[in-house]
Every structure is written in structure tokens, then in C-alpha cells.
Amino acid sequence: MFIINCPYCGERDQSEFSCGGEAHIERPKQPTELSDDQWAEYLFMRKNIKGIQFERWNHIHGCRKWFNVVRDTSNDKIHAVYKMGERPPIK
Amino acid sequence: MLNFNSPIKEEKKYNDLNIIEVEPIIKINLRSNKREFSTKIGKILSILPPNEANTSSGNEKFNLLWLSSDEWLIYSNDKEMSLDDQTNLEDKLFNEISKLNQGAVTNVSDHWVMINLNGNKVYDLLSKSCPYNFNDFKNKKGSVAQTIVNRIDVILHHKEDDNLNLFVRRSFSEDLWLWINDSARFI
Amino acid sequence: MINNLRINKNNFIDQTIRISFKFNGKKLFGYKGDTLASALLANNIHLVGRSFKYHRPRGIMTCGSEEPNAIVQVGKDSSLTEPNVRATEIELYEGLEAFSQNCWPSINFDIGGINNFLSPLLPAGFYYKTFMWPASFWEKYEFFIRHSAGLGKSPTKPDQDLYDHQYVHCDVLVIGGGISGILSAKLSVAKGLNTMLIDDKDYLGGSTIYQDDDIFKINNENSNVWLKKQIETLNKIPNLTIKHRTSVAAFHGYNYLLARENLIDHLNIDERKGKIRQRLWKIRAKKVVIATGAIERPLVFSNNDRPGVILSSSIKKYIDYYGVKTGENISLFTNNDSAYETAISLNKSGVKVKVIIDIREDSNSILSEQVEKSGIKILKGYTVIDTDGYKRIKSFDVMKLSKDGGSVVGNKITYKSDCLGISGGWTPMVHLFTQSGGKLKFRNNDNVFIPDENKTPSKQISVGSSNGDFELDDVINNTVKNIKIFLGLDKNDFENLNIKCSKEKQKRNIWLLPSNKPISKTKPFLDFQNDSTAKDVKLALREGFKSIEHVKRYTTTGMGTDQGKLSNMHALGIIADTTGTNMGDLGTTTFRPPYTPLTFGAIVGRNVGKFFDHTRRTAIHDWHVKNKAEFENVGQWKRPWYFPKNGETMHQSVQRESKAARESAGILDASTLGKIDIQGEDASEFLNRVYTNAWSKLAIGKCRYGLMLNEDGMVYDDGVTTRLAENHYIMSTTTGGAANVLSKLEDYLQTEWPELNVYLTTVTDQYSTMSICGPNSKKIIKKVIPNLDLSDQSFPHMSFKNSKINNVKCRIMRISFTGEHSYEINVQSNYAKDVWERCIEAGKEFNITPYGTETMHLLRAEKGFIITGQDTDGTLTPSDLQMDWIIGKKKYDFIGKRSLYRSDTIREDRKQLVGLLTDDPKEVLEEGAQLVESLDKPIEMLGHVTSSYFSPNLNKSIALAVVRSGKKLKGKKLIVPMENKNINVTITDTVFYDKENKRLNA
Ligand SMILES: [Zn+2]
């Protein structure tokens, strides 16, 4: 159980959150222009990294806000949290 | 007049702990990210919605709880407020906010059941199934937390020392009530 | 035989309170403060169990949680009996009944003991090799294995004991109440930090508390006296919480730890009623101090497992703490100084120590010199090569070690002893440290893995012997120094303590001691619980296993309930020696939680019985109960399933309810459907994007059915949404989908479409919904809400009106999930029961019939309406459901649109929803049954039945199914093969009843 520092509510137990998978996969603005392969890239392809990973989390049992988390999947250390629409504070 | 049917009809007392459902009080959910919103609310309720996370504002009539950066909960302290007065308040807010596209006003009086817990074992009881760290919460009057108790979503509002109001969705309220009373035996 | 081995001197157990207990049916006595193990030893009982594989007699070997042998079944009661409890951890109570495990028919005569003589046939990997093949024999093997193996008996009835959980948030958690833990806790509270001190025993002080000898002094007091005074002041500190009988099971990331507290197991049975048995503490600590100590290692030599072979430090504890002699004629076998402490304790208590065998050539510490002075015989540079005795050690053989320790030389000497204390040095308890992500380093001079300070997760520290400090002065000085840095303390507490202790000067370690026999003729046990020997490890290496993790699994070393606390180091050492690897490079196996086994009860806490899962109730629930509804679980909701009358079966109820709903009037509690209040300037645009159909043109006051897809084009949820005002909608979702739909919509609003001004608020619990359907529904609504204009012109199908019942606002929707003329009343939940009762009262003259989910399902199936989650399973597109009409083709985009013309979703041979009629109209299909075209093998599965009912209104069986290329197959005959018959069916349209929708306006 991590402690996640919700950018809105502060530090809370992981059980108040749900994870929404990889972050920064933007929904294409013009899906109809895309080939099957391009659409499939958006729809299905996800990284699964051992190491620094950018993730979306939702404070579902709290403020209901979605935000981004930079987590090292090898030791669960959270390096940063930042709001939707903000740039990742680390590379 | 229609019969009012509250899901919990008891008051329970344990050593150092009392649990009561507080009767029908109006609760209104507010959403907005507009600038005018705060002033409008201030005019209607004579209190401003708090901007600081996990806090509340209030006067003798109303409490205004921070739920999110664009969401608040109003609840009244007045158990005797008539249904017509409740409707009037809701309509006034709705007309000033929702209708003018300044945000969203939603009546949630019956969505949430409010249970008052008081006594010096309150936090021991909640901590049986709530991962929230109450160390700061319990020392700060008016603090607010949305969290889970026995995996059920709740809003907690710290009224005064060892006295808090817990809001739980109506459909879960009986389940949580039974759980609270079960756990109260073991503190 | 002497049956009382108790000496009078001791400070820790209360000899005035005698306690009776039973072991294997025999009545025995002990004292308050005893463990089952100490009481058994006092009664001269060593033989307590049989080993797992060879069924060799085994005795109590330790005095703590590392005990591999003395695991017993406690209690006879079929709901309270507990297997696999360590006798060394059971505090004695009046009426305790314990039994040996792993022996049949009795501990003294055990049939499985034959395995001992077959042991050459049961080498490492025996189970894998023998039972692997052929797979079809597995059932027979399993029977054999389960019959002859198996540890203890499970209770056969539900556990009556109570368990609960408790979260706690503290500044500092100190794990372990030995001297280093106590010093840490005292420093922590001195800094003003909220501190929790946890120990698994009922007393604090660890092993120092009974270290009563002039050799060990702190500030000129014997170490135990000094420590006792420190402990006495602990109880008076307000910001310190001490938890006795509490064992940390797991140390997770972010300093989240689980600890089990035993609250009643030490009480007499009659004092336990109504009390919590075990509490699982869920601890979040800002900082953690690991002070878990070390456990003594055994030595590995042939037949080192006989009852009476005990760890040397345990012998010391039994005599010093419990006042129990583990034998009358004790010898010690060691590779380090600590056995000399045991010898001093035994000597003081008047127990004869026959001989000390020390594998070291020399040892001239204060301790060894004091022992030599007392006249005890010491053999230096010798080793034990074998033992004799079956149910108890009788004697052992000794030979001189060669210079390099690789073999033995000279003549064999035999000593008679009824107890042999062994000490192979100390292993720091680093389990919790590694669980938390810490990495170990190997210290070559005394062969220990200790926490690597450079690879320690932040906000934790290991101190004392769990950090590899074994001498009293090192323990104290390093603990004080490091804790002050760790907690940022500048106080000078505990500085300049004057500590006097013995220092070990010589070290020698041999993982597998040599013998005069070839290894194949010896039985040097490594893992006593799992019966694996040094031979097995060597065999595994010969067979090509290299990784320590593989060797562990192949030989089962370290896989018992003790998780190899005693065996792991020797297994590693033997692997390192055999393969010529440095132990530090070899690493250890992974220590996984729990540190000691947890009961299921402690894991689930109070979430049993009625708290197993949540129960959500509608506002009308009490009425349903009073009117004898049978309930169905839908998600966490309790929904009325059907309302049986006068002993009806479910089928009879549903047939009656379904007929009544179409012939006159029915009423359904639909409050469980999700309801989302949608407001904001962009509400219409938002709905355009989330539903497949168009919403901008929906007039205010109108309702529309919508289908929601995932981005992959598959149907996700459905429901009716009503436009209440220009920028105000209320959306309904399925019962099970409510929470997920809200979360998904919030996700899109917050992440993909932040430009939209839309607010979502859930009002599922705010409004209760009752649906009144049937040809008489209009008359009933008229009675309940007299001033509402119900004419078709003013209030047509798919529209809504605001109204009031008395002064309570309500929303009336004219929508239908049954195909009948029907209304939905939505009212604030606290008034819903009253409104429901008014409808029932008003409907009496029309025989209004409350119906449940089963009738609802049947009625909608007659109309071919889908239920998402029943007829769909996340693999069907709207087109697959024959619902192409609901796709807004002109819309530029909506969630899932692009996926509707992927190469896969436009295939014509996808599974598609169809209707089915059975050739025999009385035959009702089973939901989930497969559909095939012919019975010629290989049989191809074409699809399956998703919904199936007997329709009373059509007087025949109807079903919905998904079938490959189903849309093209109307009229086609298929077969539903069942276990005992084949059912012939024909594919039809999905709508069975009132295809022209005439009844909506009837
Ligand atoms: Zn939050």
C-alpha cells in the first residue's frame, strides 16, 4: 500500500485511489483520419516498464480528481505527482 | 404530508461513544470553476466556500465543506427547517448558479445520511477500518476528509473535539451503521 | 524416570499457580508463565511430533517462533481446533489440549515411519520425479500424498472466534522488545515522538532479561537488573504504546506494516467469551526501527534431529527463564562462545554438563575460561559425527577434526547424554528488512548476512543483533549511536555507560560437519520440518540446479511453515562450498511475508458473515421484506427477485407476475439504477460524445435511450437520459455499471475534454425509482397524482414531467422497459416508501402486482431488449446486437466510433444477437448452453444462449443467444446439445412480443 500525495487533498492511503494505466496517451482528435494500425496503436499499445513509469491515478474515494504519478515500478517509489494537463516535472 | 422514512432510526450509546443519525437536514452539492461563484454563494449563504483543501467554513445555520477544487457540500445545522424552506433554498441556489451557467447545484439531502459520532473513542472506532491518518484531523476544528470506512465512501466533518459528522450514501448507511455498532463493542 | 525437571529458582514463572493441561490425551501440569514446550520439557516429554516426509521422531528444538518440530494441533472442538501451532509459542492455560501431528496411529508407533527406512528411495525431487507423469495418474498420487503427508487437521466448522483490524499511524515503530528495542524506544520518546513498541512475547527484555551473571554488567549492575529498571520506567511514558504478544508479519513499502496481536490465547477458556482473539494492526510509521534480534543456528551432522538435540541458547532459556532442565545429563556442541553461557547457567542451576565439544582449536574468552575453571570438560577441535537413540538421544560420537576441517581423524569417542545442546552461531533476523526492500551484505568473518546500510530503504534502521551486533557492548553502543543519528537526537541519554562483557576471540565455521562415513550413509538434516538433508542439496547441485531459488524448491528446503528460519543459512553454505562460490555472491532466497503464519481469521477480521460484502438497500427495502420478497444480489444491492404468494415456486411467481404486468398493472423498485445529474453549458455536446446516438436535438422534457461504448467499440452500458432543462440532464445507468460509468465520464471530462463545461454529480441514492407498467398504469398514476395531465398529447411516450406529491417534488418519466404503457416515478428517497405504498394502495382495485428482477428480465426478453452484462460481455458492438439504428452515422466522433469499422469489427462472421425458439415450446433452454449446427465430430461451437425464459404471455419458451453470423441465419435450425438430450431450436427475430409496439400507448 503506497501513500499517494494527491495534488488536491494531500497524502492518502493507496486504497483511496484507483490506477488508470499509462499516462500521456492522448485520444486522437480526429479518429476518423486514422488507419486501423494508427488507431490500434492508440487503443491497445501500452508500455510495461521496469523502472520509471508515468501513470494516471484517480482519487476515486476522495476528491474524484484524475492526476499523473511518476512511479518507479521496481521499488514503487513515487517521484512526482502532477495535475492533468501539466508537464511531467521529470523526464 | 408524506411520511418521512429514515434508514436509521436508533441512537446508540457505548462507553465513551455515542452514535446518532441526525434527522433530515438539507444537503446540497455544489460544483463550479467559475470566478463569480464564490461571491454568489457568499450572498446567499453569508459564508464563502473554502478554497483550502480538507477544510470547511460555516455559521450557525450552514456548513460548507470542501470536497474538491471545484466541489463543495452545504449542509444545514437546522433540523427543524421546513421542506418548503429547503425547496426555496435549493431553487434560489439553482436559479443563481445552475441556470446562469455558473456551476451546478444538486440536491443531495437524501443521497447522504448524516451520522453524528461523539466520545473520546471516535477515532479508535473509525481506525478499525479507515486508513486515514486522523492525527492532524482531530486537532483541527472544521477539518474535512473524504475517505473510506470499511471500504464504504464517507465524508467526515470534524465539528469539535471528539465530535464529528459522518456522511454516507443512503444505500450503504444501514450496512455501515451495523458495522459501526459491531465494532463499537470492541473498543 | 524422573518426571519433574523443574528447579525451584526462577523469577519469571509463577509456581504458585498450577495449570493442568492435556497432551495427546494425557493429563499433565505446568505453571502460570509456562509455554506448552516448557511445560512438556518439565514433564520430561521431548518427543512431540513426527517429521513430514520420513516420519522420524522429533522433539522440541528451540524456544521461539523458529521452532521447526514442535508443531501441534490445539483443541478438539471442530470449529476452534487449530493446526500447526508452535508449542514454543503457546502460553499455557487451564484446560489446554494439544495433540501431535503427522503421526498415525500414535506418536510412539507411527506407520509412516516406514518411510524412514525407505529414505534412500525418497531423495530430493522425489515428488517431482515420481508424480509428474503420466498426468492422468495425478488424482491417484494426490490421494496417496494427502493421506500420508499433510500437516494437522483443519477445523470442519466455521471459526467462532472474533478477529478485527486496527489502523494506527505513529512517528516511530520499534519492532522487538529486547535491549536494543528498549533503548530505541526510550530515545524515541525522549525526542517527543509518538512511539509504538512491539514484541511477540508477553514480557519485554529479550534474552538480556535473564542474562544474570557477573560477566555481563552495565553501570556495575548485572545486565538483567539494569534492563529491568529501564523497562519499569517505560510503562509511565504517555507517548509510548507497548504491544505485547504481537508479531509483525509483513513490512511493506512506505513503512506499512502488518502485525498480529494475540489477545486471548493465553487466557483460560472461560475468560475468552465475547473477546477479540487476534487483532491485525495495520501500521503506518514515519520511521521504523528493526530490533528483531538473532536466532541461533543448529549444526549439521548426521542424525542431528533426534529428540533431545536442542539449540544451546534454548537450553539456557529453559533453565534460566522457565526453571526447566532439558535433561539430567547434558552435553554441548558448539562453534562459538554462546554455548559457554549455557554451560554457566546449567552449572549454576546444578545441572551436570558432561562435555563441551568445540570445533575451534582454541577459545580463550572470559566465558570459556570461567567454564574451564568450573571443571567442565572441553574438547577443542572436535566434532560430533553421529548420535544414537530413537525417541530420545542416548549418546553421541565424537572425533577430532582435521586441520582444514574437511575430515575427521583419530578414534571415535562415545558420550552418553540425554540432551545435546548445539550452537552454530547466530543469524540476524533480517526477514522484515528484506521484505521492505532492503538488500543484504555478507560478513565473511562470522558468516552472516546483515543489512547493507547503503541499500537500506529510507526511514528505517536495523539495530542490535538483527544488525549483526552480538556482543553486549556493541549492541548498546551502536544502537544508541545510530538511533540518535536516525532520529536526529542530541540528548546525551545512555552515553558513557560502563559496559562489561565477554568478547568472542576465535571463529570457525563448517557448514556440513565431516563424518567418518560417506555422505550417502549419513542423515545430516538441514530443514527439520521438511526433512531435507545436506545430501539432498548436494544431489540437486549434481543434477544441475544452480539457482538458490531452484534448489530450495527442488529439495523443499526452507518451504515449511517456519520458512527455513533454521535451515536457510546452512543450505546456502553447502551450496557455496560445493560450487566454490562466495556466499555473498550467492545471495539468499527471498523472504516473503508473513514472518510467522497468520490465521485466516486475522486476515479477514470482522469482514465475515453479514460483513463479508456490503449490502446496499433501497429506500423501499423494508416493504419488500415485509411482503416476503425473495432477494437477489445485484452487485452489492439486494433487489427483490420475486414475490412468492402462498407457497409458490419461483417459476409460479414469475409467471403470475409477468401476466399481471401485461394484463393489468405491475410495479417494480428500480431504485438501484445509477443516476447521474449532468449540468453545464456543454451538457448536450458531452452526451453527443459519450453516446452513440445524437443528443443536441432532444427537446427539453424528452427522454432518449442511449448506448455507451468503450473505445474498442464494444457496448459498455445503456440507459435512458432525460433532458430536464436546456443545460440539465439526468442520465440513468445500469445497476452494476453506475460507479464505473461515472468514473469513466469524469475521466473523459478531466483528461480528454477539459474544454467542456460540464458537471457530473451522482444522485443514485438521492432519488428512488418505481416503475408502474401495464394497461392500468395510467389510472393508478392518476389516483396518486391527480393534477398531472396524463393525456398522450401532453405526456407522450419518452417524455417527462415535474410534479409534486403533497409538497414533495418528483419527476415522472413515461418510459418503458417492458413494452407496456408505463411510468417511472422518481422521488427523494426518504419519501419513497410512502409513495410506493400509495401506488400499491391506489393500484389495489387493478390488482397491482409487485414484481422482481426475474419478471423484469422476462418481460424485456419478450420485447428483445438487451441487458448489458447479461446479453453482452464486452465483445459485442451495437451492430452485433442488431442495433445499427442507434449509431449516429452523421456524428463526427463519439467514444468507440472509430473502432466500429476496424477490420475485426466489420467481419460478417462475428457473433451476433439473435432470438431462439425451441421446436418444443415447453422446453426452456439453459442460459450459457452452447449452440451447434451438427453433432458430427469435431463439433463446432457457433455461440451460446444469453437469456432464456418461459413466456406466459406467449405461452412458449423464448431465448436470446449470440451466434456466429447470426444476423444472416434467421430461420436456420440449430441444436443445443445437453448432457442427456439434444434440443432443436430455430433462429428468429429478437423481438417476440408486440413487434409493432402497440402496447406502449395502450
Ligand atoms: Zn484528492
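Scoring rules and cut-offs
- Residues numbered from 1 in each chain as written.
- Chains lettered and ligands numbered in written order.
- Predicted model: local features only at pLDDT ≥ 70, side-chain atom pairs only at ≥ 80, totals over all residues.
- Heavy atoms only, no water.
- Donors = N, O, S within 2.8 Å, 3.2 Å for Na, K, Ca; no water.
- Tetrahedral: all angles 85-135°; square planar, octahedral: opposite > 155°, others 65-115°.
- Helix = DSSP H or I, 4+ residues; strand = E, 2+ residues; numbered from the N terminus.
- Salt bridge = Lys/Arg side-chain N within 4 Å of Asp/Glu carboxyl O.
- Buried < 20%, exposed > 50% of the residue type's maximum accessible area, 1.4 Å probe, protein only.
- Contact = heavy atoms within 4.5 Å.
- Buried area = accessible area lost by both parts, 1.4 Å probe.
- Pairing = 2+ DSSP bridges.
- Axes fitted to C-alpha atoms, helices over the stretch in contact; angles between N-to-C directions.

**Quick word on the coordination of the zinc ion**
All names here are of chain A.
Okay, step 1: The zinc ion binds to the protein through C6 (SG), C9 (SG), H59 (ND1) and C63 (SG); the donor distances cover 2.0 to 2.4 Å.
Okay, step 2: Around the zinc ion sit four donor atoms, and with donor-metal-donor angles ranging over 102 to 116° the site reads as tetrahedral.
Okay, step 3: Linear spacing of the donor residues for the zinc ion on their chain is C-x2-C-x49-H-x3-C. In this pair, C9 sits in the loop between strand 1 (3-6) and strand 2 (10-13) while H59 sits in the loop between strand 4 (52-58) and strand 5 (66-72), placing the two residues 50 residues apart along the sequence.

**Some thoughts on the pattern of salt bridges**
All names here are of chain B.
Okay, step 1: Scanning the model with the defined rule gives 90 salt bridges over all chains in all.
Okay, step 2: Between E11 and K13 there is a salt bridge, and its shortest N-O distance comes to 3.3 Å.
Okay, step 3: Judged by its relative accessible area of 45%, E11 is partly exposed.
Okay, step 4: Here K13 falls in the exposed class, since its relative accessible area comes to 60%.

**Some remarks on the interface of chain A and chain C**
Okay, step 1: Contacts between chain A and chain C engage 29 residues on the former and 25 residues on the latter.
Okay, step 2: Each partner contributes to the roughly 2,400 Å² buried at the junction of chain A and chain C, and carbon and sulfur atoms together form 45% of this total.
Okay, step 3: Together, R27, D36 and R64 of chain A form the three largest contributors to the area buried by chain A at its contact with chain C, with a combined 28%.
Okay, step 4: On inspection of chain A and its partner chain C, the count reaches six salt bridges.

**Looking at the interface of chain C and chain B**
Okay, step 1: The interface of chain C with chain B comprises 51 residues on the first partner and 53 residues on the second.
Okay, step 2: Here chain C meets chain B over a buried area of about 4,800 Å², counting both sides, of which 45% is carbon and sulfur.
Okay, step 3: Broken down residue by residue, the surface that chain C buries against chain B is led by H614, Y759 and N830 of chain C, which jointly contribute 16%.
Okay, step 4: For the pair chain C and chain B, the number of links is nine salt bridges.

**Considerations on the side chain of S899 of chain C**
Okay, step 1: Mapped onto the elements, S899 of chain C comes out in the loop between helix 23 (853-862) and strand 45 (911-918).
Okay, step 2: Under the relative-accessibility criterion, S899 of chain C is labelled buried at 0%.
Okay, step 3: With near-sequence residues (within four places) excluded, S899 of chain C lies in contact with W39 and L43 of chain A together with E711, D712, G713 and T905 of chain C.

**Let's talk about the sheet that holds strand 42 (residues 808-814) of chain C**
Residue and element names in this part refer to chain C.
Okay, step 1: The six strands lie next to each other as 41-42-43-40-34-44, forming an open sheet whose pairing is mixed. On the outer flanks of this sheet lie strand 41 (799-805) and strand 44 (849-850), each paired with one strand and no other.
Okay, step 2: Sheet topology note: the strand 34 (residues 666-669)/strand 44 ladder contains two bridges and is parallel. In the strand pairing of strand 44, I667 is matched with P850.
Okay, step 3: Of the strands in this sheet, strand 34, strand 40 (767-773), strand 41, strand 42, strand 43 (822-828) and strand 44 touch helix 22 (residues 829-843), which is tilted by about 145° from strand 43.

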